[in-house]
Amino acid sequence: MLRFLVAKLTRAFLAILFVVTFAFVVLRLSGDPALMILGPETTPEALAAFRKSWGLDAPVWQQFLGYLGNLTEGRFGQSMRDARPAIDVVMERVPITLWLMLPALALKILLGVPAGVLAALKRNSTLDRAIMTFSVMGYAVPNFVLGIFLILIFAVQLGWLPSSGSATWAHLILPVIVLGTAGAGILARFTRSAMLEVLGQPYVRTAVAKGVPWWRVVNWHALPNAAIPTVTVIGFMMGSLIAGAVVTESVFAWPGLGRALVVAVSNRDLAVVQVILLLVAACMVTSNLIVDMLYGWLDPRTRIPKAGVGGG
Amino acid sequence: MGVEALAHRVEFEPPAPRVLPQAPRLAFRDLKVSFAAERGLVPVVHGVSFDVLPGGTLGLVGESGCGKSVTCMAALGLLGPRAVVSGSATLDGRELIGASTAELDRVRGGRIAMIFQDPMSSLNPVHSVGRQIRESLSLHRGLEGRAAEAEAKRLLDRVGIPSAGQRMKEYPHQLSGGMNQRAMIAIALAGEPDVLIADEPTTALDVTIQAQILDLLADIRAETGMAIVLISHDLGVIAETCDDVAVMYCGRIVERAPVETLFAGPRHPYTIGLLHSLPRLETQIGALEPIAGVVPEPWAAPAGCAFAPRCSGASALCHAKAPQLARSGGRSVACHHPQIRFA
Amino acid sequence: MTPLVEARDLRRHFRIRMGGALLGGVKSLKAVDGVSFRIERGRTLGLVGESGCGKSTLARLALGMTAPDAGQVVFDGVDVTRLPTGEWRRLRRRMQMVFQDPLGALDRRLTVLAQVEEPLRIHGLAAPAERRERALGLLEGVGLQRHLGDRYPHELSGGQRQRVVLARALILEPDFLVCDEPISALDVSIQAQVVNLLLELQQKFGLTFLFISHDLKVVRHVSDEIAVMYLGRIVEQGSRERLFARPEHPYTRALIAAVPTLDRERRRGRTLLAGDPPSPLDLPKGCRFQARCPLAGPLCRHIEPELVTLADGHRVACHVAAGATLERAA
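Residues numbered from 1 in each chain as written. Chains lettered and ligands numbered in written order. Predicted model: local features only at pLDDT ≥ 70, side-chain atom pairs only at ≥ 80, totals over all residues. Heavy atoms only, no water.

Engineer: Whenever I open this one, the pattern of salt bridges confuses me. Can you help?
Structural biologist: A side chain of one charge can pair with a side chain of the opposite charge if their charged atoms are brought near each other. All names here are of chain C. Inspection of every chain in the model, using the stated rule, returns 44 salt bridges over all chains. Glu6 is the partner of Arg8 in a salt bridge, and the nearest nitrogen-oxygen pair spans 3.4 Å. In this structure, the salt-bridge partner of Glu130 is Arg134, at a minimum N-O distance of 3.6 Å. Within this pair, Glu130 and its partner Arg134 are both found in helix H5 (residues 128–141), separated by four residues, close to a single helical turn. Shared partners join several salt bridges into a network, and the residues in it are Asp9, Arg11, Asp33, Arg233, Arg288 and Glu304. (Salt bridge = Lys/Arg side-chain N within 4 Å of Asp/Glu carboxyl O. Helix = DSSP H or I, 4+ residues; strand = E, 2+ residues; numbered from the N terminus.)

Engineer: I tried to follow the sheet that holds strand S2 (residues 26–39) of chain C on my own but got confused; where do I start?
Structural biologist: In any sheet, the strands associate via hydrogen bonds between backbone groups, in a parallel or an antiparallel arrangement. All names here are of chain C. With respect to topology, four strands assemble into an open sheet ordered S2-S1-S4-S5, the strand pairing being antiparallel. Edge positions in the sheet fall to S2 and strand S5 (78–79), since each has one partner strand and no second. Pairing of strand S1 (residues 5–17) with S2 involves 11 bridges; the strand directions are antiparallel. Opposite His13, over in S2, you have Lys30 as the bridge partner. Contacting S1, S2 and strand S4 (70–75), helix H1 (residues 55–62) crosses the sheet at an angle of about 60° to S2. (Pairing = 2+ DSSP bridges. Contact = heavy atoms within 4.5 Å. Axes fitted to C-alpha atoms, helices over the stretch in contact; angles between N-to-C directions.)

Engineer: Explain helix H11 (residues 269–277) of chain B here, please?
Structural biologist: Side chains of residues three or four places apart in an α-helix project in the same direction, reflecting 3.6 residues per turn. Buried residues dominate H11 of chain B, accounting for nine of its nine residues. Pro269, Tyr270, Thr271, Ile272, Gly273, Leu274, Leu275, His276 and Ser277 of chain B are the residues of H11 of chain B that are buried. (Buried < 20%, exposed > 50% of the residue type's maximum accessible area, 1.4 Å probe, protein only.)

Engineer: Looking at this model, I keep getting lost on the nonpolar core. Mind explaining?
Structural biologist: Within soluble globular proteins, side chains that are nonpolar tend to cluster in buried spots. Within the largest apolar cluster, 123 residues are counted, with the highest numbers of intra-cluster contacts made by Val33 and Ile133 of chain B. Take this core: its biggest share by element is nine residues, from helix H7 (residues 177–190) of chain B. The contact partners of Ile133 of chain B, leaving out residues within four places of it in the chain, are Ala152, Leu155, Leu156, Ala186, Ile187 and Ala190 of chain B. With 64 residues, the next largest nonpolar core counts Ala135, Leu139, Leu156 and Tyr251 of chain C among its residues. (Core = buried A, V, L, I, M, F, W, Y, C linked by side-chain atoms within 4.5 Å.)

Engineer: Help me out: how do you make sense of the sheet that holds strand S9 (residues 227–232) of chain B in this one?
Structural biologist: Residue and element names in this part refer to chain B. One open sheet holds the eight strands; their spatial order is S7-S8-S9-S4-S10-S11-S13-S12, and the pairing between them is mixed. The two strands at the open ends of the sheet, each matched to only one other strand, are strand S7 (112–115) and strand S12 (326–328). In this sheet, adjacent strand axes meet at a mean angle of 20° when their direction is disregarded. With six bridges connecting them, strand S10 (residues 244–249) and strand S11 (residues 252–258) associate as antiparallel partners. In the sheet register, Met248 faces S11, and the bridge partner there is Ile253. Here H7 sits on the sheet in contact with S7 and strand S8 (195–199), set at roughly 170° to S7.

Engineer: Could you clarify how one ought to interpret the packing of aromatic side chains in this entry?
Structural biologist: The geometry of two aromatic rings is summed up by the distance between their centres and the angle between their planes. One pass over the structure, following the stated rule, counts 12 aromatic pairs over all chains. Their ring planes at 35° and their centres at 6.2 Å tell us that Phe75 of chain C and Phe176 of chain C sit as a pair that is tilted. One end of the pair, Phe75 of chain C, is in strand S4; the other, Phe176 of chain C, is in strand S7 (residues 176–180), with 101 residues separating them in the sequence. Each member of the pair, Phe75 of chain C as well as Phe176 of chain C, carries the same accessibility label: buried. On the numbers, 5.1 Å between centres and 90° between planes, the contact of Tyr230 of chain C with Phe289 of chain C is edge-to-face. Highlighted residues: Tyr230 of chain C in strand S9 (residues 225–230) and Phe289 of chain C in the loop between helix H11 (264–267) and helix H12 (298–302), separated in sequence by 59 residues. Phe289 of chain C matches Tyr230 of chain C in its accessibility class, with the two residues each being buried. An aromatic cluster is defined as three or more aromatic residues linked by ring pairs; in this entry it consists of Phe24, Phe64 and Tyr67 of chain A. (Phe/Tyr/Trp six-rings, centres within 6.5 Å; stacked < 30°, edge-to-face > 60°.)

Shown next as structure tokens:
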């Protein structure tokens, strides 16, 4: 178990380091922050002074080492635009995004998993085909199209719901629906195929031959096995909790991290972009770790090694 | 595969007046099974009739695809929605074909238990062996908690699993193939069934383990008096365990007789062919006499006797008309020209 | 007479990583642990044993497909194990293999004819027209009609596929054929056809066989000499007649006793082995068979028996059997 954990953590650390390095290099190469922040009419002297004060005049590798050094001390840099710690700029947006994404994740799971199970149980029926059609539509229609469509109907035409902002729970409904349907569609498809695979396994036949009632065959024998692949997909969705809403937040003017990222990128606010990317990477890596733990819990074959190994 | 909700087309025949010394426990009458496929309904069992007496042992022997497993699974409603089943299979006189799901759930595992070929994949990988036995105890005998625990341990002991208390907590992947098949037998015994259907129970096991499992089945039968239907492609395995044999070919029983009678003097050319095509330990080594040709696919079954294209003694009659299973002197043969040849 | 194939003290151990446990480490799986045999030209050595005894690894070693950790395979006087790749490939033409699963051994995208002539093409032998003619001739030789050459593997039955595999193995006119469970995947009524075909081809081409199977009945039927393997070692070896008439090793006896039989007489009074074989990762000290052996004594728990040759040339690796017989011989 320890060996397993150490290997996982090392891999997680390397992944984060890779993201940090990549983001750093790309950001430095993609445009001059001084010009973006101060504007094109600024004098060369002012630009030079700006660069000097932010350390942008040093070679990239020096800047990078300095950045890494700061990271290990828990300093994430200053936002060039707001002149305060980038971490503060980012962290105040996190709850706003989670307030949107957690209900969306719940919707994905509560809608997608049962729909997938139902489709598998009623394979090739009209219900199955209907569920699969909706699920394809769910993830084939881009978020911004669905978002604008919903705004047009429910906000503009009917006037039932607000079209943008985050003031009340009513503001939540449309963006959560937009975010939830795509994920629910993906999950439904995955759950269906996992469930179909499991329902064809000999142990399901054994359960029926034992006289286990069908509902219990599904709940106790099939679902725990089908959950193993489905958890992977849910884990991936958890990983994108933080960053998955860039488009949707823009459409609904939701003041979350996605919006913050768009603004920071267009401003070349390096420190803020880097903190957001770091957070995204950390989130991905953590959810991967959680998935691995869940595997062990769900599947005794990964938790307990086989006693003897045969080999021909 | 959904195993629920079968499409049934039940044709009731008036029960023929029979004078039997003993009422059959399981009785199959003209059982037919077809599967819905792209090319239409493909018949795989063409009307099979046989009895299993209380405490009796019947071996169903035949090659893959001959319908021996399908026949048994049809009786328990295990074939899924693509199967169309007709005819009758009764347990102590009660019809199983078309019975309600609730009724079938009481029969499955309670009155008729079944074990399968590959014990490793037949057990659920995410539940411990003990829990899988206790599930049956709870369903069929209402045992819960301590009582179920103790009984599960007793059953594992009974099927010869050493340190049963420890093994109960283990998962199928931690046990060997033989141990898993013993655990499957323990699950089958949990419902105290009257009939055990064993579908190729030793095919996936090594020969020394196979012998252990066959011995265990014989022991348990002697102890509990339950009837056993053993499905196998291996005549030797059938001979070890069963008193009666039915040989199946292409969805029909072609010969049925007590084991000794059948092996001493098979009548159907297919049975004769099977006996002569396999090497045996007790006979002189000579050239094997294979059966020519291949088993026809179910959707391309010949019009007359299904074995006629492979049979050296086939006549025009054989190609035109399928023979019926005819009874004479304690045995039955479905052949227009039954042969007598001593194995 | 020099044998065509000789294996000398072959060993192949696999390192298995034991994951999961805190103190998990690497263990050694002794798949083949000191095996020697000789096969004379035109003869058949049958190799029996249960799953995990190392017989398939031994097959790969015999063909040089897997390099041994120790030991040699000598084929027609040449040490195969120390051969440069080019020469090994030339020698490999004369050594072919037939596997259990014919569908897995064939390429689904190529016609039967293309697969049968492929070895000729790979080795750059014969012109296209001649290749085709030889392949078609061989298809007939293994009992397949010529028109089947245009079919794909999935369009054939299991028995027909195994015939294709055989034709492909034989097209280079090998001397040595390793058959690893060649009939296990076939239907009962087809098995005999393939067994007969193998024996016919052996006669016709003077082939030497290493015939591997878990099925004693088939091994007895096809072999001149038989070796019984248990957990990586040969525990008994001798002529077919001797081995079945008077098996010496308790494992061989149990193996023979365990074969289901139509003969009720033979079934009485047999001894069955209890328990499972130990894990090949945790072999006991002393004899590997001791835990299941009805005869095991103190010597067996400490010292691993060597394969010794008895007075009549029969070989057995058992303290009890060898001792008893040596006394008898003396």
